[in-house]
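Next come the chains, spelled out residue by residue.
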Protein chains: 2
Amino acid sequence: MADTFGSYVRDRREALRQSDATFSVRQLATRIGVEPSFLSKVERGEVPPPSEGKIIALARELGEDADVLLALAGKVSSDLQEAIRKRPELFAAAIRQLKDMPDHAVLRIVREVRDGDW
Amino acid sequence: MADTFGSYVRDRREALRQSDATFSVRQLATRIGVEPSFLSKVERGEVPPPSEGKIIALARELGEDADVLLALAGKVSSDLQEAIRKRPELFAAAIRQLKDMPDHAVLRIVREVRDGDW
DNA sequence: CAAGGCGTGTACTAAGTAGTACATAGTATA
DNA sequence: TATACTATGTACTACTTAGTACACGCCTTG
């Protein structure tokens, strides 16, 4: 298990802990609703990343983007999945179309859609 | 378990069977690589839909769109998930932007990106 | 009338998911 | 130096996923 997720969480938590002692394994675990031993194992990559809900709670606590943390955990947010499942042909086509485009091109589309008269 | 997936597969299979006797539960099951009793249970919604690989094989046999069948099974193709996981912020933003747009608007983007000078 | 194809029922399993509960040992502090 | 908080190790559990193996009874057709 190549563990980017756990190390990332640990680094982030220890960084925050410099200025806020409540970012101990125990206290953070309690805040996100798991046992300290479980969070410890997650951070050390001894067990796979937790469920979506716990990851989102973790992201909120750490001030990180939930989608990024989910991605590190090899997951995709369920609201995005739902959007795709509602119109599978359409979204499959759109995503496959965008997946090889450079960031700036995708961003341009996002902006045009947001601002434009679509 | 509200079973749209199973009934859909059963309907499709029985329709094809009108003109092709090889679309029996037994033979189709063998072709997609599962036990006949398992396909039978899947079609009757007695067990949840099979894995992504089997669903894709099923789609191919039935002449259906794999993304649609996966959506009926409550899943999203792993290649789409991978595209999102590679650039989570970007794709999360794009999908959330598109999810409330009417079909024709999304389609327009797909076409413009395909044809255009992006 | 038996041989083969048909759908389905029952029983089982191996691996993965998502944790909890408790014990231990080190560290800090009052 | 007692206490209290810290991280971590060990053991266990309940649920889900993704099926297989095999037997049964029902047609049908040669």
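Relevant structure appears above.
Residues numbered from 1 in each chain as written. Chains lettered and ligands numbered in written order. Predicted model: local features only at pLDDT ≥ 70, side-chain atom pairs only at ≥ 80, totals over all residues.

Some points on the overall build of chain A
Rules: Strands here mean DSSP runs of E at least two residues long; helices mean DSSP runs of H or I at least four residues long; both are numbered from the N terminus. When we talk radius of gyration, it's over C-alpha atoms, and the globule rule is simply 2.2 Å times the number of residues to the 0.38.
On a plain count of helices and strands, chain A comes out with 8 helices and 0 strands. In chain A, the succession of α and β elements from N to C terminus is α-α-α-α-α-α-α-α. The C-alpha atoms of chain A give 18 Å as radius of gyration, which overshoots the globular expectation for 118 residues (13 Å, by more than 25%). The dimensions of chain A, computed from C-alpha atoms along their principal axes, are 50 × 25 × 25 Å.

Considering the interface of chain A and chain B
We apply this condition: Placing C-beta atoms from the backbone, we regard two residues as in contact once those atoms come within 7 Å.
Counting residues at the interface gives 34 residues for chain A and 34 residues for chain B. Elements with a contribution of two residues or more to the side of chain A that touches chain B: α5 (66-72), α6 (78-86), α7 (88-98) and α8 (103-115) of chain A. No other element matches the 9 residues that α7 of chain A contributes to the side of chain A that touches chain B.

Examining the relation of the copies chain A and chain B
A rotation about some axis, followed by a shift along it, carries one copy of the chain onto the other. Inclusion rule: Residues reaching a pLDDT of at least 70 in both copies supply the C-alpha atoms on which the copies are superposed by least squares.
With an RMSD of 0.2 Å, the fit of chain A onto chain B corresponds to turning through 180° and sliding 0.0 Å along the axis. As the rotation angle and translation indicate, the two copies are arranged about a two-fold axis. Taken together, the interface assignments show that 100% of the residues at the interface of chain A recur at the interface of chain B, consistent with an identical surface on both copies.

Overview of the protein's contact with DNA strand D
So the rule is basically this: Each residue receives a C-beta atom placed from its backbone. It is near a molecule or strand if this atom lies within 6 Å of it. Classification used: nonpolar for Ala, Val, Leu, Ile, Met, Phe, Trp, Tyr, Cys and Pro, charged for Asp, Glu, Lys and Arg, polar for all others including Gly.
Taken together, 17 residues form the shell around DNA strand D, and within it S24, V25 and S37 of chain A together with F38 and S51 of chain B come nearest. Broken down by secondary-structure element, the contributors of at least two residues to the surface near DNA strand D are α2 (25-32) and α3 (36-43) of chain A together with α3 (36-43) of chain B. A per-element tally of the surface near DNA strand D places α3 of chain A first, with 4 residues. The residue makeup of the surface near DNA strand D, split by class, is 7 nonpolar, 6 polar and 4 charged.

Quick notes on the packing of α2 of chain A against helix α4 (residues 52-62) of chain A
All names here are of chain A. Filter applied, for reference: Only the stretch in contact is used when fitting a helix axis, every axis being a line fitted to C-alpha atoms; angles between N-to-C directions are given from 0 to 180 degrees. Working definition: roughly parallel below 35 degrees, roughly antiparallel above 145 degrees, roughly perpendicular at 65 to 115 degrees, and oblique for all remaining angles. Two helices crossing with the near one rotated counterclockwise from the far one by less than a right angle form a left-handed crossing, whereas a clockwise rotation gives a right-handed crossing.
Contact geometry of α2 with α4 gives a least axis separation of 9 Å together with a crossing angle of 125°. Put simply, α2 runs oblique to α4. As for how α2 packs across α4, the hand of that crossing is right-handed. Seen from α2, the contacting residues are L28, R31 and I32; seen from α4, they are K54, A57, L58 and E61. For the contact of α2 with α4, the residue count by class is 4 nonpolar, no polar and 3 charged.

What about helix α1 (residues 4-19) of chain A?
Residue and element names in this part refer to chain A. Keep this limit in mind: A helix is expected to span 1.5 Å for every residue after the first. Whether a residue is buried, exposed or partly exposed follows from its count of other C-beta atoms within 10 Å of its own C-beta, namely 20 or more, 12 or fewer, or something in between, respectively; the C-beta atoms are built from the backbone. Directions drawn from the helix axis to the C-beta atoms are what define this arc.
With 16 residues, α1 should reach 22 Å at 1.5 Å per residue; the first-to-last C-alpha distance of 24 Å fits that figure. Those residues of α1 that sit buried are F5, G6 and V9. Summarising the axial view, the buried residues of α1 lie within an arc of 90°, below the 170-degree limit, and thus occupy one face. Along α1, exposed side chains directed more than 90 degrees from the buried face belong to D11, A15, Q18 and S19. Buried residues along α1 sit against α3, α4 and α5.

Digging into the protein's contact with DNA strand C
The full set close to DNA strand C counts 17 residues, and F38 and S51 of chain A together with S24, V25 and S37 of chain B are the nearest of them. Ranked by residues supplied to the surface near DNA strand C, first place goes to α3 of chain B with 4 residues. When the residues that make up the surface near DNA strand C are grouped by side-chain class, the tally is 7 nonpolar, 6 polar and 4 charged.

Comments concerning the nonpolar core
What counts is decided by this rule: We define the nonpolar core as any set of buried residues of the types Ala, Val, Leu, Ile, Met, Phe, Trp, Tyr and Cys, connected via C-beta atoms lying within 7 Å of each other.
Ranked by size, the top nonpolar core spans 49 residues in total, and within it A94 of chain A together with A94 of chain B carry the most contacts. Residues within four places of A94 of chain A in sequence aside, it is in contact with L98, V106, I109 and V110 of chain B.

A closer look at the environment of A15 of chain A
Assignment of secondary structure puts A15 of chain A in helix α1. Placed 70 residues apart in sequence, A15 of chain A and R85 of chain A show a C-alpha to C-alpha distance of 38 Å.

Considering the environment of V68 of chain B
As for its position among the elements, V68 of chain B is in helix α5 (residues 66-72). Of the residues examined, V68 of chain B has 16 C-beta atoms within 10 Å and is grouped as partly exposed. Setting aside residues up to four positions removed in sequence, V68 of chain B forms contacts with P88 and E89 of chain A.

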